[in-house]
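# Structural description and commentary
The lines below spell out each chain.
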Amino acid sequence: MPHRALLLRLKEHTRTVAFVVFVLLMVGGPFYKQVLGGETILLREWTMYSGLGLRVCDVAFYIQEADGHRMPVDRYEVLGYAAVQEAPIEVRRLEGAAGVLAVAHKMQEALGDDKDLRVDARIATPVGWVPLFEGKAVDAASDAENRRQP
Amino acid sequence: MTLANQITGWALRYEGSTRAAGLMRIGLVLLIWGRFAGSMLPKHDLHLPWILFGMTFFVATGLMLVGLWSRLSSLLVSGVVFTNYFYFGHYLGNAYWAGHHVYLLAIACFFLALTPCGKSYSLDRWRALHRAERRGQPAPKEWGNLWGMRLIAFQLSMVYFWAAFSKANPAFLSGDRLQQLIYANFPGPDYSQFFLFEPLTMVAAIGVVILQLALAFGLHFPWGRKYLMPLGIVMHLAFYVLLYAFTFSLTMILLYLAFIPAGTVHRVLNQMQGVSMPEARPDNPLLSKSRFMEAGVQPAAPTKRKAAPLAGRTALR
């Protein structure tokens, strides 16, 4: 019987130590990675969805008229898609400067060179929306350099 | 009673029905199959180590599902899923296997292995009943120390707390990050043209952070379970439908069982199976004597019973 009591006591002590260790790992792991900025694969952080949706752009296309008036342009209409879902993904989801400019050039081609197509765009970053283009004139030659950028 | 005693009592001396652990065991296997089974087939790589690893996966999850050597098989499944997470996910760079949903499955199986998860809904239970019958002993109770369930509950609290912490910044609270997720996941429309888009996403973002903080602490209390649990389930289902989170949403909902008192789970399951209904009780004179003799239960003499309150019928059967 004393052996049994001793075993039970040992079991409870082991359980206590294990519980404390697990709790420390559950609290300390995210603290180390999310607060102190540490990097290790051995501990788990809980930052769900933090890496998703980055580089996507919110874009407005418009034609700058001579009198200063801005005429909004629907990219789907200009490119000849009857419905949004008919357009390929690179037209529906504009990613990075290169993605925006690629669509802008197609639109300029469809509209003709006599139209002054402009673009306002902001890009998704971990710190929120960041301005990418503001009133940028679409020019295939000078944009070629931009398109090579990510 | 000192605070330390209260904490140790809550954490380490939590004893109760093992049915919630049994249900969790079965549910975790189904989620793990949903996530990995197709990828673990030998057709993906005919080298012996992969074939053996795949076999280990299917044997261990199979044993865990039917509840044979339940704790050992749960531990083995945890090891296999952790191997997927650390080796294939982090070391070999399969990002989909290095995700938070995989870690959660692995750690839940590990903590479950610390509970007597085979004492309910398992072949272990069936064998124990037969053993007791052979020896002429009463049926073993579906009862045990559930400190592993406390660990699972604490892990969920930490998931919510640190998830809220990671969102407590201007980029998320302003609604920007939600807008970006919407642009990325539902490409096509120019949402910012809709005048309510920005205010709505801001309200939703603040709401999510508040709810996650509330879930982190509130689920440990009865009022929290009553009001927050349905909200948590709706939030997870919304995440699944809108953003797709692999098995994460369903795993979190399944692991909510760790917050519900074990006796309550047992009682509700009894009620669902009609066990606590008066007509199914052994002392019901309407039932034949032979039926209970077969089950090894002596029917009591018929007595006029008072209508017992629900709490009075919670004795575990």
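## Some remarks on helix H11 (residues 222-243) of chain B
All names here are of chain B. The end-to-end C-alpha distance of H11, which contains 22 residues, comes to 30 Å, matching closely the 32 Å that a straight helix rising 1.5 Å per residue would cover. At Leu228, H11 is deflected by roughly 40°, the largest bend along its length, and proline Pro230 occurs up to four residues later in sequence. Those residues of H11 hidden inside the fold are in contact with helix H7 (147-167), helix H9 (176-185), helix H10 (197-218) and helix H12 (248-255). Phi for Tyr244, located one or two positions after H11, is positive at around 60°.

## Considerations on unusual backbone geometry
Residues and elements named next belong to chain B. With a phi close to 50°, Trp69 is a non-glycine residue in the positive phi region. Mapped onto the secondary structure, Trp69 falls in the loop between helix H3 (48-66) and helix H4 (70-91). A positive phi angle, near 50°, is found at Phe246, a position not held by glycine. If you trace the backbone, Phe246 turns up in the loop between H11 and H12. By relative accessible area, Phe246 is classed as partly exposed at 25%.

## Section: the environment of Ile210(B)
Along the chain, the position of Ile210(B) falls in helix H10. When the C-alpha atoms of Ile210(B) and Ala168(B) are compared, they prove to be 9.7 Å apart, with 42 residues separating the residues in sequence.

## Observations concerning helix H1 (residues 2-35) of chain A
Here H1(A) contains 34 residues, and its C-alpha end-to-end distance of 48 Å stays within 8% of the 50 Å for a straight helix at 1.5 Å per residue. Along H1(A), the positions that sit buried rather than exposed are Arg15(A), Phe19(A), Phe22(A), Val23(A), Met26(A), Gly29(A), Pro30(A), Lys33(A) and Gln34(A). In this structure, the buried side of H1(A) is in contact with helix H1 (3-12), helix H5 (100-112), strand E2 (143-145) and H7 of chain B. Positioned one or two residues after H1(A), Gly37(A) has a phi angle of 75°, which is positive.

## Comments concerning the packing of helix H2 (residues 19-36) of chain B against H5(B)
All names here are of chain B. Where H2 meets H5, the axes come as close as 11 Å, and the angle between the chain directions of the two elements is 150°. Our classification of the angle between H2 and H5 gives roughly antiparallel. As H2 runs across H5, the sense of the crossing is left-handed. Here H2 contributes Ala21, Met24, Arg25, Leu28, Leu31, Ile32, Arg35 and Phe36 to the contact with H5, which in turn contributes His101, Val102, Leu105, Ala108, Cys109 and Leu112. Considering only residue class, the contact of H2 with H5 consists of 11 nonpolar, one polar and two charged.

## Quick word on the confidence of the model for chain B
If pLDDT is low for a region, its predicted coordinates should not be looked at in detail. Residue and element names in this part refer to chain B. Mean pLDDT over chain B stands at 89; residues scoring 70 or higher make up 86%. Of all secondary-structure elements in chain B, the lowest mean pLDDT belongs to helix H14 (residues 289-294), at 44, while H5 reaches the highest, 98. Across residues 284-300, where pLDDT falls below 50, the model places 18 contacts with residues more than four positions away in sequence or in other chains. In the predicted assembly, ipTM is 0.88 and pTM is 0.87.

## Topic: the sheet that holds strand E1 (residues 57-64) of chain A
All names here are of chain A. If you walk across this open sheet you meet the four strands as E2-E1-E3-E4, and the pairing is antiparallel. In this open sheet, the two edge strands, each paired with only one partner strand, are strand E2 (70-73) and strand E4 (128-137). For this sheet, the mean inter-axis angle between neighbouring strands, taken without regard to orientation, is 25°. Relative to strand E3 (residues 117-125), E1 runs antiparallel, the two being bridged by seven bridges. Bridging from a neighbouring strand, Tyr62 pairs with Arg118 of E3. Its contacts with the sheet place helix H4 (residues 96-111) against E1, E2, E3 and E4, and it is angled at close to 30° to E1.

What counts, and at which threshold
- Residues numbered from 1 in each chain as written.
- Chains lettered and ligands numbered in written order.
- Predicted model: local features only at pLDDT ≥ 70, side-chain atom pairs only at ≥ 80, totals over all residues.
- Heavy atoms only, no water.
- Helix = DSSP H or I, 4+ residues; strand = E, 2+ residues; numbered from the N terminus.
- Expected span 1.5 Å × (residues − 1).
- Bend = angle between axes of the 7 residues up to and from the residue.
- Contact = heavy atoms within 4.5 Å.
- Buried < 20%, exposed > 50% of the residue type's maximum accessible area, 1.4 Å probe, protein only.
- Axes fitted to C-alpha atoms, helices over the stretch in contact; angles between N-to-C directions.
- Parallel < 35°, antiparallel > 145°, perpendicular 65-115°, else oblique.
- Left-handed = near helix turned anticlockwise from the far one by under 90°.
- Nonpolar A, V, L, I, M, F, W, Y, C, P; charged D, E, K, R; others polar.
- pLDDT = per-residue confidence, 0-100.
- Pairing = 2+ DSSP bridges.

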